[in-house]
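One letter stands for each residue in the lines below.
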Amino acid sequence: MRTRYSQTCLHWGPLTTLLQFLHTRINFSNDIEGTLLPSFPKTFKAISQGIEDGGVFVYCPSRQASSALATGYLMATQRLSFDDAWRQVVENCSECEDLNRNLKRQLTTWAKWPEFPGLPEWM
């Protein structure tokens, strides 16, 4: 089986034009075993900075990773359950894509770890 790699881009800054945004790219393996968890600290910091700077746009061609990152961000910063965070994402994003089993499992497992909303040192 060939592993596909995907990128999720975070753009932030004044909401004038997308070309003027600062951006961060997160690379991850977009397959059944790929994990987004190690990218959470960097991603959540970028999202928070983007919100402070006037707006943030999280984009992934498959839409699943951006939906998962937005859900994880709400879980971490608002201390929401997976279901409540996912509900907010769906209600506020008409373009979000339903998460695959792997991404749902990562988010629900992460919320049960003692380190939540952080990550264990081994990651």
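Chemist: I keep staring at the packing of helix H2 (residues 64–78) against helix H4 (residues 101–110) and nothing clicks. Help me out?
Modeler: Between two packed helices, what matters for the description is the angle formed by their axes and the separation of those axes. For the pair H2 and H4, the least separation of the axes is 10 Å and the interaxial angle reads 10°. In terms of orientation, H2 and H4 fall into the roughly parallel class. Contact with H2, carried on its side by Gln64, Ala65, Ala68, Thr71, Gly72, Met75 and Ala76, involves Leu103, Leu107 and Trp110 of H4 and no other residues of that element. Here the contact of H2 with H4 is composed, by residue class, of 7 nonpolar, 3 polar and no charged.

Chemist: I'm lost on the layout of surface pockets in this one. Help?
Modeler: To find the voids left in a structure, one rolls a probe of water-molecule size over its atoms. Reported here for the largest pocket is a volume of approximately 550 Å³. Together, 20 residues line the largest pocket, and Val58, Ser66, Ala70, Val89 and Cys93 are the ones closest to its centre. Breaking the lining of the largest pocket down by element, the ones donating at least two residues are helix H1 (40–52), strand E3 (56–59), H2 and helix H3 (82–92). Considering each element in turn, the lining of the largest pocket owes the most residues, 5 residues, to H2.

Chemist: Looking at this structure, how should I read the confidence of the model for the protein?
Modeler: Parts of the prediction with low pLDDT should not have their coordinates interpreted in detail. Across the protein, pLDDT averages 76, with 75% of residues at or above 70. Ranking the helices and strands of the protein by mean pLDDT puts H3 first, with 91, and strand E1 (residues 5–12) last, with 46. Throughout residues 1–8 the model reports pLDDT below 50, and contacts reaching past four residues in sequence, or to other chains, amount to 31 contacts. For residues 10–19, every residue scores under 50 in pLDDT, and the model assigns this stretch 37 contacts once sequence neighbours within four places are set aside.

Chemist: Is there a simple way to explain the environment of proline 41 in this structure?
Modeler: Relative to the elements of secondary structure, proline 41 occurs in helix H1. In the structure, proline 41 is positioned 32 residues away from tyrosine 73 in sequence and 9.5 Å away in space, judged by C-alpha atoms.

Cut-off values and rules
Residues numbered from 1 in each chain as written. Predicted model: local features only at pLDDT ≥ 70, side-chain atom pairs only at ≥ 80, totals over all residues. Heavy atoms only, no water. Axes fitted to C-alpha atoms, helices over the stretch in contact; angles between N-to-C directions. Helix = DSSP H or I, 4+ residues; strand = E, 2+ residues; numbered from the N terminus. Parallel < 35°, antiparallel > 145°, perpendicular 65-115°, else oblique. Contact = heavy atoms within 4.5 Å. Nonpolar A, V, L, I, M, F, W, Y, C, P; charged D, E, K, R; others polar. 1 Å grid on protein atoms, 1.4 Å probe; cavity = no way out; pocket = protein on both sides within 12 Å on 5 of 7 lines; lining within 4 Å. Points joined across faces, edges and corners; volume = space filled by probe spheres on them. pLDDT = per-residue confidence, 0-100.

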